[in-house]
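# Structural description and commentary
Read off the chains here:
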Amino acid sequence: MPSCARQSRTRPSRGDTVNRAADPRTLHDDQFAPQSQEQPGQTSRMRPRPDHGEESYRGHGRLADRKTFITGGDSGIGRAVAIAFAREGADVAIVHMPEEQEDADDTLGLIRDAGRTGLSLAGDVRDEAFAEESVKEARRSFGRLDVVVLNAGYQHDVEGLAQLDTEDMRRVFQTNLEGLLFSARTALPLLESGASLIVTASIQAFQPSPGLIDYAMTKAAQVAFVKALAEEAGPRGIRVNAVAPGPIWTPLIPGTGWDEDKVAEFGSDTPLGRAGQPAELAGAYVFLASDDASYVSGAILPVTGGKPL
């Protein structure tokens, strides 16, 4: 994602905002301190801390008593979705890496604060046996599965195709494609009519960056997966969709391997002039999981700050 110089923007005065919608250009902090982490990143080390909707998301019962399953649910987009689902009335199982237990515990606390059941499933979706068992365990614990969100992902910076490291490439493919397929293959026979499966794709599927070439390839494959599976699952009354985020401030970003200047400018090249926060995607997942989207399947919903797919 190319960086560009930030443009100054006039922030509205307190009086100007009365009875008006918030200005999307200035709704969230767009200043990121230079920083880096090893993958998987930790939320507590990010500056500023991402907004997952902890203080802002208000539920309206749109997912009352739904039983939901989210891979990569400990932090970032997955945490925002978990919070929103719980506050909409859903029980939530989250899959996460063992080294992400601290973030997972924080997310579970937020689910339980909403009065819902939270389930932590620690492991690596690249492990076929774990990916399959985590789906089965969530179903055993909840009695059924109504919504499956396949959100776990990995990316890394590539200086050029000649420098693409084979092991890094394999981790991208195994996390973003094999892990997704292991989970989906297990979940699909367990889902009943009315269920929903949602994939976290990316704008990279449509506007690939050379520095994320292998990641972009997997995201394009995920779009094909969604469209094909929607055709298969539709006759059973199961909807399959994807959300395509643009630049979103999650632990994946300081862990990508970009230099500090690129992290500091992250998202400034969008029409809205800033990166998005995880909280700003939650409503898209709630919509796709809810009965409001009863006639939506095979769709790719962009949340990109104005960047076109």
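Everything below is about the structure printed above this text.
Report follows, based on the coordinates. The structure presented is a predicted model; accordingly, all values stated were derived computationally and were not measured.

In an α-helix, one turn spans 3.6 residues, which is why side chains three or four residues apart end up on the same side. With 15 residues, helix H3 (residues 128-142) should cover 21 Å at 1.5 Å per step; its first-to-last C-alpha distance of 22 Å lies within 8% of that length. Inspection of H3 places Phe130, Ala131, Ser134, Val135, Ala138 and Phe142 among the buried residues, and these make up the whole buried set. Down the axis of H3, the buried side of the element spans an arc of 135°, and every buried residue falls inside it. Along H3, the residues that are exposed and aim more than 90 degrees away from the buried face are Ala129 and Arg140. As for H3, its buried residues are in contact with strand S1 (67-71), strand S2 (91-96), strand S3 (118-122) and helix H4 (166-187). The opening residue of H3, the one whose side-chain oxygen lies 3.0 Å from the backbone nitrogen of Ala129, is Asp127. Positioned one or two residues after H3, Gly143 has a phi angle of 90°, which is positive.

Further remarks concern the pairing of S2. When you tally the buried positions in S2, you get six out of six residues, the bulk of the element. Where burial is concerned, the two faces of S2 agree: the one with Asp91, Ala93 and Val95 and the one with Val92, Ile94 and His96 are both buried. The pairing of S1 with S2 spans five bridges and is classified as parallel. Looking across to S2, one finds that Lys67 is bridged to Asp91. Note: S2 against S3, five bridges, orientation parallel. Among the inter-strand pairings, Ala93 is bridged to a residue of S3, identified as Leu119.

This part is about the nonpolar core. In this structure, Phe69, Leu145, Val148, Leu197, Val199 and Phe225 are the most contacted members of the largest nonpolar core, which totals 35 residues. Looking at this core, the elements with two or more residues in it are S2, S3, H3, strand S4 (147-150), H4, strand S5 (196-200), helix H5 (213-233) and strand S6 (239-245). Among the elements that line this core, the one with the most residues is H5, at six residues. Residue contacts for Val148: discarding those within four places in its chain leaves Phe69, Ala187, Leu191, Ser196, Leu197 and Ile198.

We now examine the environment of Ala138. Inspection of the secondary structure puts Ala138 in helix H3. Ala138 has contacts with Phe69, Ala93, Leu119, Leu121 and Leu145, leaving out every residue within four places of it along the chain.

One can expect most non-glycine residues to show negative phi and most peptide bonds to be in trans. In the Ramachandran plot, Asp65 falls in the positive-phi region, its phi being about 65° despite a non-glycine side chain. Structurally, Asp65 is set in the segment before S1. The exposure class of Asp65 is partly exposed, given its relative accessible area of 38%.

Turning our eyes to something else, we now look at empty space enclosed by the protein. The rolling of a water-molecule-sized probe over the atoms marks out the regions of remaining empty space. What the rule picks out here adds up to three cavities of 30 Å³ or more. Its boundaries defined by the atoms lining it, the largest cavity holds a volume of some 670 Å³. Taken together, 40 residues form the lining of the largest cavity, with Asn151, Ala152, Gly153, Tyr154 and Leu252 sitting closest to its centre. Elements supplying a minimum of two residues to the lining of the largest cavity: helix H1 (76-87), S2, H4 and H5. With three residues, H1 is the largest single contributor of residues to the lining of the largest cavity.

Conventions used here
Residues numbered from 1 in each chain as written. Predicted model: local features only at pLDDT ≥ 70, side-chain atom pairs only at ≥ 80, totals over all residues. Heavy atoms only, no water. Helix = DSSP H or I, 4+ residues; strand = E, 2+ residues; numbered from the N terminus. Expected span 1.5 Å × (residues − 1). Buried < 20%, exposed > 50% of the residue type's maximum accessible area, 1.4 Å probe, protein only. Arc of directions from axis to C-beta. Contact = heavy atoms within 4.5 Å. Polar contact = N/O pair within 3.5 Å; in protein donor to acceptor, adjacent residues only side chain to side chain. Pairing = 2+ DSSP bridges. Core = buried A, V, L, I, M, F, W, Y, C linked by side-chain atoms within 4.5 Å. 1 Å grid on protein atoms, 1.4 Å probe; cavity = no way out; pocket = protein on both sides within 12 Å on 5 of 7 lines; lining within 4 Å. Points joined across faces, edges and corners; volume = space filled by probe spheres on them.

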